[in-house]
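# Chains, contacts and geometry: an overview
Spelled out from the first residue to the last, the chains are:
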Amino acid sequence: MDSNPDFLVQFKNVQKSYDGVHLVVKDFNVDMVKGEFLTMLGPSGSGKTTCLMMLAGFETATSGQIILDGQSINNVAPHKREIGMVFQNYALFPHMSVAENLAFPLQVRKMGKSEITEKVNHALKMVRLDHFANRRPAQLSGGQQQRVAVARALVFRPKLVLMDEPLGALDKNLREEMQYEIKHIHEDLGVTMLYVTHDQVEALTMSDRIAVFDDGIVQQLASPHVLYDEPTNAFVANFIGENNRLMGKVVSIEGDVCSVELDGGGGLVQAKKINVAGVGDRTTLSLRPERVIVDPAAGECPNNCEARVEELIYHGDHTRTRVSVSGSTDFIIKVPNTHNQQHMKRGQSIRIGWNTGDCRALDA
Amino acid sequence: MANTYSKVGEMTTNDGVPLKISLQRSQRKLKLWAFLLVAPLLIFITISFILPVVSMTMRGVENPQVANILPNVVDALYVWDGVDLPDEAAYEALVIDLTAGRKNKNIGKVASRLNYERSGMRRVISGSSRKAAKLKEGPYKEQMIKINKAWGDVTTWSLIKRESGAFTYSYLVAAVDYKITDQGDIVAKSEEKQIYKSLFGRTLMMSFTITIICILLAYPIAYLLATLPMAKSNLLMILVLLPFWTSLLVRTTTWIVLLQSNGVLNDILVWMNIIDDSGRLQMIYNQTGTIIAMTHILLPFMVLPLYSVMKTIPPSYMRAALSLGANPVVSYVRVYIPMTVTGIGAGSLLVFILSIGYYITPALVGGQSGVLISNMIAYHMQNSLNWGLAGALGFILLVIVMIFYAIFNKVIGIDKMKMG
């Protein structure tokens, strides 16, 4: 087996089909180093949960290898994989108390009673639930159940912890609190975690690296800030954060800069060449709302466009301004709420501009 | 609002009406409407179920025969000490009552009523009433003793006195194989006369056996139903429900065809040389037949509650147990099965209670050893016409069912019971 010992988990050319006609996972390759927090992010049906289930052993890979700690685990039964898992509905055993839930993985490993008690107490302390040991799961709040589920997945010291949209059922505030808590547990214990979510904010906050899934393929695998600042295709640019799109055609390329003729008659603009093959290709220009400059001073930026204000939504710290630019009517600009901010009106014509480096020419 | 608090702690509405009264008024219409919706069923149940149950239960303790047909005797015995034979007044009353009873053609009722308590009393009463009508004048004491020497026996009189009350516990005592002696003590009947206790025991044992078999058979089916894809589970569900759509009589008689000595199953076994022709198995008209047929009939009542509970258990629980390192068997036993306990409980309660009172199937395939207490109740209703004893047996059966229901409610909780 040509496995690298530095990697805890390796997916090699993994494919999965349920019906023999369609591939749910087309060609999945990823290497996870020990102690990493990797997130699989994507819309539902993109294949991310299937990959997690294959790693946990509840689905079999149709082809390809899954390697855990240097061993191929394609034919290892789920209960022998030593992988902890947190489920979306927590899957806490309702007929057992919190302490019994935590003791379960230790009991099936035939540990001694005193050792079990000690480990259970330690795990409960870790998630600050030491006073709830004798409660039933149904007597706990959603956030507490979540913490018990996390503690249970960690209490037997697994090589790897999988989390399948664990925060999906919590309300917004609790979800944010739990994100930090899980992140801290990850840092404190140094345990390797593979996390699945469709919430990009969650992915950006928690992860070391994020694999963006769509249509059974990893669109981009990179750290959060690379994904946000340097998306390599239009899907990732759209999926991560807010994004403005302008469609056009490449007319010339000079080094890593290309000139693009905008579709709606907006004229010629410059963009960073990322994912275009050559002159004459269609392209999607991707531009973050906060990188758009309103009413730029003469010569401040090389790209200038005429825009018409369509809608203004006050958000306190900034005003979300929807403008129409070159035929696109959902172009968003975030105008920060600062002293010298001029007041725009609906229907007003303004000029907008941006730096060439902020505008990325991606696949159409 | 200034008048929101008229008194301390009592809320009122804006126009000064106490809030509670106002709330009651506003809800009165809803309550009336709800009651009207329930009313047809309530009336139906009352007439067809509650009243008959109460009436039969009352028959188990009611005792009108002696008091109504021998009223003068009862009056005369009121002051009797019960040690020596009663005086002339009692004999005179007896003659009057026997004559009147014969004239009104209801002397037979008191005859069979007293015959339940002591065999031979039917002959004593009927014979005496026939002869007493011919007696011209008193004193009657000597003449009556001459007609039947039972009237010279103190115990005959004490029996009549004992059963002269409006209510009696003698049926209930008889229903559990005890009897009341001439001295008024309650003692067990002699061994060979005990029937009901062993019949109750057999009914409980067979119901228990049927429940266990139903659990064992229904659990895998319910699991399959709950886990198979929709299209297949629907087909399987139809198979499970098929017995429900077939007449009970048809199903029971089909078992006779299959299981009887010259039936299909025996023929196959003989043909396969597993048994020889002389050794055909007796599988029907005994306990085996009753258990087989009743298990078949009651199986859906176990499958449906189990299925409805299992359907609500997402696969993540088993997966969680596996991921925590438990092997599939341990996961199933320690995680899955405990989560289905409510289903097992609900199904068991249904099957057990239904089989305790089952009548048709044991009557058809039970033979001698496979009949249940319900068949004995039916016998007393239809053949021996001892409705008092039938009522008492029925009442005891009802109490047993209630006890099991209470146990179930205590252990599992009736609110957790789900059907289909």
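Residues numbered from 1 in each chain as written. Chains lettered and ligands numbered in written order. Predicted model: local features only at pLDDT ≥ 70, side-chain atom pairs only at ≥ 80, totals over all residues. Heavy atoms only, no water.

### Quick word on the overall build of chain B
Applicable threshold: Helix and strand labels come from DSSP, where a helix needs a run of H or I of at least four residues and a strand needs a run of E of at least two; each type is numbered from the N terminus. C-alpha atoms define the radius of gyration in this analysis, and the globule rule sets the expected value at 2.2 Å times the number of residues to the power 0.38. For every residue, the accessible area (1.4 Å probe, protein chains only) is compared with the maximum for its type, and the residue is labelled buried under 20%, exposed over 50%, or partly exposed between those bounds. Contact definition: two residues touch when any of their heavy atoms are within 4.5 Å.
Helix and strand counts for chain B stand at 20 helices and 4 strands. Taking 22 Å as the expected radius of gyration for a compact globule of 420 residues, we find that chain B reaches 31 Å, considerably beyond that expectation. Counting every position in chain B, which comprises 420 residues, the buried fraction comes to 39%. Summarising the internal contacts of chain B: among those between residues at least 6 apart in sequence, 66% fall at separations of at least 24.

### Quick word on the sheet that holds strand 19 (residues 349-354) of chain A
All names here are of chain A. Selection rule: At least two bridges found by DSSP between two strands are what make those strands a pair.
With antiparallel pairing, 5 strands are arranged side by side in an open sheet as 15-19-16-17-18. Edge strands, defined here as strands with exactly one partner in the open sheet, are strand 15 (293-294) and strand 18 (328-336). Relative to strand 17 (residues 318-325), strand 16 (residues 303-314) runs antiparallel, the two being bridged by 6 bridges. Within strand 17, the position partnered with Ile313 by the bridge is Arg320.

### Some thoughts on the pattern of salt bridges
Residues and elements named next belong to chain B. As a reminder, the rule being used: Basic side-chain nitrogens of Lys or Arg form a salt bridge, by our definition, when they fall within 4 Å of a carboxyl oxygen of Asp or Glu.
For the coordinates displayed, the defined rule picks out 24 salt bridges over all chains. Asp267 is the salt-bridge partner of Arg280, the closest N and O atoms lying 2.9 Å from each other. On the criterion of sequence distance, the pair formed by Arg280 in the loop between helix 13 (264-271) and helix 14 (287-311) and Asp267 in helix 13 is long-range, its members being 13 residues apart. For Arg280, a relative accessible area of 23% gives the class partly exposed.

### Points about helix 6 (residues 121-132) of chain B
Residue and element names in this part refer to chain B. Heads up, the condition is: Helices are assigned an expected span. That span is 1.5 Å times one less than the residue count.
Relative to the 16 Å expected for 12 residues at 1.5 Å per residue, helix 6 spans 16 Å between its end C-alpha atoms, a close match to the ideal helical length. The set of residues buried in helix 6 consists of Met121, Val124, Ile125, Gly127, Ser128, Ser129 and Ala132. At its buried positions, helix 6 is contacted by helix 4 (88-103), helix 5 (107-117), helix 7 (140-147) and helix 8 (154-162).

### Quick notes on the domain arrangement of chain B
Quite often, the size of an interface is put as the accessible area lost when its parts meet. Cut-off, in case you're wondering: Each domain's limits were defined by an automated method or a database of domain assignments.
Entries for chain B in the domain assignment read domain 1 (1-44), domain 2 (65-163) and domain 3 (196-416). Put simply, the middle of domain 1 of chain B and the middle of domain 3 of chain B, counted by C-alpha atoms, are 48 Å apart.

### Side note on the packing of aromatic side chains
All names here are of chain A. For clarity, the threshold we go by: Each pair of aromatic rings taken from Phe, Tyr and Trp, with Trp reduced to its six-membered ring, is defined by centres within 6.5 Å and is described as stacked if the planes are under 30 degrees apart, edge-to-face if over 60, and tilted in the remaining cases.
According to the stated counting rule, one finds 14 aromatic pairs over all chains in the structure shown. Where Phe11 meets Phe28, the ring centres are 4.6 Å apart and the plane angle is 55°; that geometry is what we call tilted. Here Phe11 is found in strand 1 (residues 7-16), whereas its partner Phe28 is found in strand 2 (residues 25-33), with 17 residues between them in sequence. Its relative accessible area of 1% is what places Phe11 among the buried residues.

### As for a positive patch on the surface
All names here are of chain B. Rule in force here: Patches in this entry comprise residues that are over 30% relatively accessible and not in a salt bridge; like charges within 9 Å are linked, as are nonpolar side chains (Val, Leu, Ile, Met, Phe, Trp, Tyr) within 5 Å. What sets the accessible areas is the Shrake-Rupley method with a 1.4 Å probe; for residues, cover comes only from the shown protein chains. Counted charges follow a simple rule, with Lys and Arg positive, Asp and Glu negative, and His plus the chain ends left uncounted. To locate a charge, take atom NZ for lysine, CZ for arginine, CG for aspartate or CD for glutamate.
A cluster of basic residues, Arg102, Lys105, Arg130, Lys131 and Lys134, forms a positive patch on the protein surface. Mapped onto the secondary structure, Lys131 falls in helix 6. Note on Lys131: relative accessible area 42%, which makes it partly exposed.

### Description of the packing of helix 1 (residues 19-59) of chain B against helix 20 (residues 387-411) of chain B
All names here are of chain B. Defined as follows: Axis definition: a line fit to C-alpha positions, over the contact stretch in the case of helices; interaxial angles, taken between N-to-C directions, run 0 to 180 degrees. Should the near helix be turned counterclockwise from the far one by less than a right angle, the crossing is left-handed, whereas a clockwise turn marks it as right-handed. Ten residues, namely Ala, Val, Leu, Ile, Met, Phe, Trp, Tyr, Cys and Pro, are considered nonpolar, four, namely Asp, Glu, Lys and Arg, are considered charged, and the remaining ones, Gly among them, are considered polar.
Put simply, helix 1 and helix 20 touch, their axes get as near as 6 Å, and they point 115° apart. The way helix 1 lies across helix 20 gives a crossing that is left-handed. Here Val53, Met56, Thr57 and Arg59 of helix 1 lie close against helix 20, whose contacting residues are Trp387, Gly388, Ala390, Gly391, Phe395 and Leu398. Split by residue class, the contact of helix 1 with helix 20 holds 6 nonpolar, 3 polar and 1 charged.

### Describing the interface of chain B and chain A
Threshold: Accessible surface is computed with a 1.4 Å probe, and the buried area is the amount of it that two parts give up when combined, taken over both parts together. Polar contact criterion, stated in full: a pair of N or O atoms within 3.5 Å, where within protein one must be able to donate a hydrogen and the other to accept it, and residues adjacent in sequence count only if both atoms are side-chain atoms.
Contacts between the two partners involve 18 residues from chain B, matched on the other side by 22 residues from chain A. Summing both sides of the interface, chain B and chain A together bury roughly 1,800 Å²; the carbon and sulfur share of this comes to 68%. Remark: the boundary between chain B and chain A carries 0 salt bridges. Here chain B and chain A share 4 residue pairs in polar contact (both at pLDDT 80 or more) between them. Elements supplying a minimum of two residues to the side of chain B that touches chain A: helix 15 (316-323) and helix 16 (328-339) of chain B. If you tally residues by element for the side of chain B that touches chain A, the top one is helix 15 of chain B, at 7 residues.

### Regarding the domain arrangement of chain A
Residue and element names in this part refer to chain A. Annotation of chain A at the domain level lists domain 1 (7-234) and domain 2 (243-363). Computed over C-alpha atoms only, the centres of domain 1 and domain 2 are separated by 39 Å. In total, about 720 Å² of surface goes out of reach between domain 1 and domain 2, with carbon and sulfur atoms giving 43% of it. Three residues, Tyr228, Pro231 and Ala234, lead the burial of domain 1 against domain 2; their summed loss comes to 61% of the area buried on that side. Taken together, the connections running from domain 1 to domain 2 amount to 1 salt bridge. Linking domain 1 to domain 2 there are 6 residue pairs in polar contact (both at pLDDT 80 or more). Looking at the side of domain 1 that touches domain 2, the element that brings in the most residues is helix 7 (residues 224-229), giving 3 residues. The class makeup of the residues in the side of domain 1 that touches domain 2 is 4 nonpolar, 2 polar and 2 charged.

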